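A closer look at the structure
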Amino acid sequence: MKHIKFFLLLAVATLFAACSSDDESINSNASTTVGFTTDKLVMKENSGIFKVPIAINGQRNGDIKMNIQVIAEGSNPATEDTHFLVTSKNLTLLNDTTSAETLGVEIKTVDDNEINEARTFKLKITNLQGAKLERDEIEVVLRDNDAAFFEKFFGKWLFQAVNSEGAAFEKTITISGPSDEEDPNYNNLLTATGVGFLNVGVALDFQWHFRYTFDSATKKGTLGFVMNEIISEYGGSYQWIWLTDDGANMSTEDLTAEWQLGDGDSFPTEITWESTFDGSGVGSLWFYQPGAGWWERFTSIKLVKQQ
C-alpha cells in the first residue's frame, strides 16, 4: 500500500511539474518584440511557395506563440483557398539554440490563366504570447503574370524554317529572360539560346534576343528578332540581318511577327513569320558575317512551344 501511495504521489508531482514547465515555457522577457519586417510585399501569382517573414528581436527565455489572421482587402481582394493557400496560421518559435530569429508565414499562390488586376490581402498577427507586438499587419499583393505573358515565353521552343536550299530546318532553342520586374529588360527583351544551332564547318552555339510587346486591351503582341547584334563567334563575329520585302535591300530593323491570345485567353503555341522572295512577305532572315557575307538564309520561320 505504501508503494502504491508513493507512485500516486510521484505521478501527481510529475503532472504538476509538467504543467508548471508548460506555463514557464512561454517567454517572459519584456524586451522581446515581434513584427512583420515590412508593411507591404509584392509577389507574382506564379511565385509558388514563399514565406512572409516575421522578425523576432531581443533576448528570450521561453517560446513565442502567435496566430495569423487573413483579411481580404482592396478593390480586387484575393480570396483564400482560391487565389492562395496558407500552410499554417499557428506559429511557434521554440526557445532552443537551433531556432531561427525569424518566422515565416508560408503562402502558396494559385496560378490561373485569367488576365486580372493585382489582387491583395492582409496578414495580421493575433493572440501573441511571449513578446510585444511591433508591426502587426502586412499587405500582400499578388501581381498578375498573365497580363504581360512575358514569362510564359520561357522554356523550350522548336525553331522551324526553310533554309537556302529549300530544305526543312529544325532546331530546339531555349527562351529565357529576367524575372525581376525592376530589370529594364523585363517585358522587353527575351534571350534565345540554341546549342549547336548551325554548322559552318563547326557547330556554332547561337544566342540572340527577341523584342517582346503585348497589348492587354487588344490581347495581341509582337515578337521580333533583334538585328545587328553578335549572336555567335568563330573566327569572327556573326549576326542576324534580314532582306526587306522588296527583295533587294538589307535591314537591321527588327524582323517581327504578330501573335495573339486564343479562346479563353489561351497562350499561343506557335509564332509564325511569313516570308517570301516575291516582294509580298516581310522578308527572309540571313545568318551574316560582316565582311564575309551570308552563311545561311531562312524563310517561313515558325516557333513551336515544346514545354
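Residues numbered from 1 in each chain as written. Predicted model: local features only at pLDDT ≥ 70, side-chain atom pairs only at ≥ 80, totals over all residues. Heavy atoms only, no water.

Across soluble globular proteins, you tend to see nonpolar side chains buried next to one another. Of all hydrophobic cores here, the largest spans 40 residues; its most connected members are Phe159, Trp208, Phe210, Phe225 and Trp240. Ranked by residues supplied to this core, first place goes to strand E14 (residues 203–215) with 6 residues. Setting aside residues no more than four positions away along its own chain, phenylalanine 210 makes contact with Ile173, Ile175, Asn188, Leu189, Leu190, Ala192, Leu223, Gly224, Phe225, Val226, Trp273 and Leu303. (Core = buried A, V, L, I, M, F, W, Y, C linked by side-chain atoms within 4.5 Å. Buried < 20%, exposed > 50% of the residue type's maximum accessible area, 1.4 Å probe, protein only. Helix = DSSP H or I, 4+ residues; strand = E, 2+ residues; numbered from the N terminus. Contact = heavy atoms within 4.5 Å.)

Let us look at the pattern of salt bridges. Applying the stated criterion across every chain yields a total of 13 salt bridges. Among the salt bridges present, the one from aspartate 136 reaches lysine 124, with a minimum N-O distance of 2.8 Å. Note that aspartate 136 is positioned in the loop between strand E9 (132–133) and strand E10 (137–143) and lysine 124 in strand E8 (residues 119–129), a separation of 12 residues in sequence. Accessibility expressed as a relative area gives 24% for aspartate 136, which makes it partly exposed. Across the salt bridge formed by arginine 211 and aspartate 254, the nearest N and O atoms sit 2.5 Å from each other. Taken together, the residues span a long stretch of sequence, with arginine 211 in strand E14 and aspartate 254 in the loop between strand E18 (250–251) and strand E19 (255–260) at a distance of 43 residues. Overall, the relative accessible area of 33% leaves arginine 211 in the partly exposed class. Overall, the relative accessible area of 23% leaves aspartate 254 in the partly exposed class. The structure contains a network of salt bridges with shared partners spanning Glu73, Lys122, Lys124, Asp136 and Glu137. (Salt bridge = Lys/Arg side-chain N within 4 Å of Asp/Glu carboxyl O.)

With respect to the helices, strands and loops of the structure, glutamate 181 is situated in the loop between strand E12 (168–176) and strand E13 (189–199). Counting along the chain gives 137 residues from glutamate 181 to lysine 44, while the straight-line C-alpha distance between them is 9.8 Å. Apart from residues no more than four positions distant in its own chain, glutamate 181 is found in contact with Lys44, Arg143 and Tyr186. A polar side-chain atom of glutamate 181 sits 2.4 Å from a polar atom in the side chain of arginine 143. (Polar contact = N/O pair within 3.5 Å; in protein donor to acceptor, adjacent residues only side chain to side chain.)

Taken in spatial order, the 5 strands line up as E5-E7-E3-E1-E9 in an open sheet, and their pairing is mixed. A single partner strand is all that each edge strand has here, and the edge strands are strand E5 (84–86) and E9. Bridging between strand E1 (residues 33–36) and E9 involves 2 bridges; their strand directions are parallel. What sits directly across from valine 34, in E9, is leucine 133. (Pairing = 2+ DSSP bridges.)

What holds strands together in a sheet is hydrogen bonding between their backbones, with the strands either parallel or antiparallel. Spatially, the 5 strands line up as an open sheet ordered E2-E10-E8-E4-E6, and their pairing is mixed. A single partner strand is all that each edge strand has here, and the edge strands are strand E2 (40–44) and strand E6 (90–93). In this sheet, adjacent strand axes meet at a mean angle of 25° when their direction is disregarded. Bridge count between E8 and E10: 6 bridges; the pairing is antiparallel. From the neighbouring strand, threonine 120 faces E10, where its bridge partner is valine 141. (Axes fitted to C-alpha atoms, helices over the stretch in contact; angles between N-to-C directions.)

Counted according to the given criterion, the structure contains 40 aromatic pairs. The interplanar angle of 20° and the centroid separation of 5.9 Å between the aromatic rings of tryptophan 208 and phenylalanine 225 together place this pair among those described as stacked. Remark: phenylalanine 225 occurs in strand E15 (residues 220–225) and tryptophan 208 occurs in strand E14; sequence separation between them is 17 residues. Arginine 297 extends its terminal NZ or CZ atom over the ring of tryptophan 286, reaching a point 5.6 Å from the ring centre. (Phe/Tyr/Trp six-rings, centres within 6.5 Å; stacked < 30°, edge-to-face > 60°. Lys NZ or Arg CZ within 6 Å of the ring centre and 35° of its normal.)

On to the confidence of the model for the protein chain, then. With 85% of its residues at a pLDDT of at least 70, the protein chain reaches an overall mean of 84. The element-level mean pLDDT for the protein chain is lowest in helix H1 (residues 2–24), coming to 37, with E12 highest at 97. For the stretch residues 1–22, pLDDT sits under 50, and the model shows 0 contacts to residues farther than four places along the chain or on other chains. (pLDDT = per-residue confidence, 0-100.)

As a further point, take unusual backbone geometry. When glycine is set aside, most residues are seen to have a negative phi, and most peptide bonds are trans. Phi at asparagine 127 takes a positive value of approximately 50°, unusual for a residue other than glycine. With respect to the helices and strands, the residue asparagine 127 is situated in strand E8. Using a relative accessible area of 56% as the deciding quantity, one classes asparagine 127 as exposed. Notably, asparagine 228 is not glycine yet its phi reads approximately 60°, a positive angle. Inspection of the secondary structure puts asparagine 228 in the loop between E15 and strand E16 (230–233).

Examined bridge by bridge, strand E11 (residues 155–162) and strand E22 (residues 293–305) share 5 bridges and lie antiparallel to one another. Residue pairing in the sheet places phenylalanine 159 in a bridge with leucine 303 of E22. Alignment of strand E20 (residues 270–273) against E22, held across 4 bridges, turns out to be antiparallel. Pairing of tryptophan 273 across the sheet is with isoleucine 301, part of E22. Examined bridge by bridge, strand E21 (residues 284–289) and E22 share 5 bridges and lie antiparallel to one another. Following the sheet pairing, tyrosine 288 is matched in E22 by tryptophan 294.

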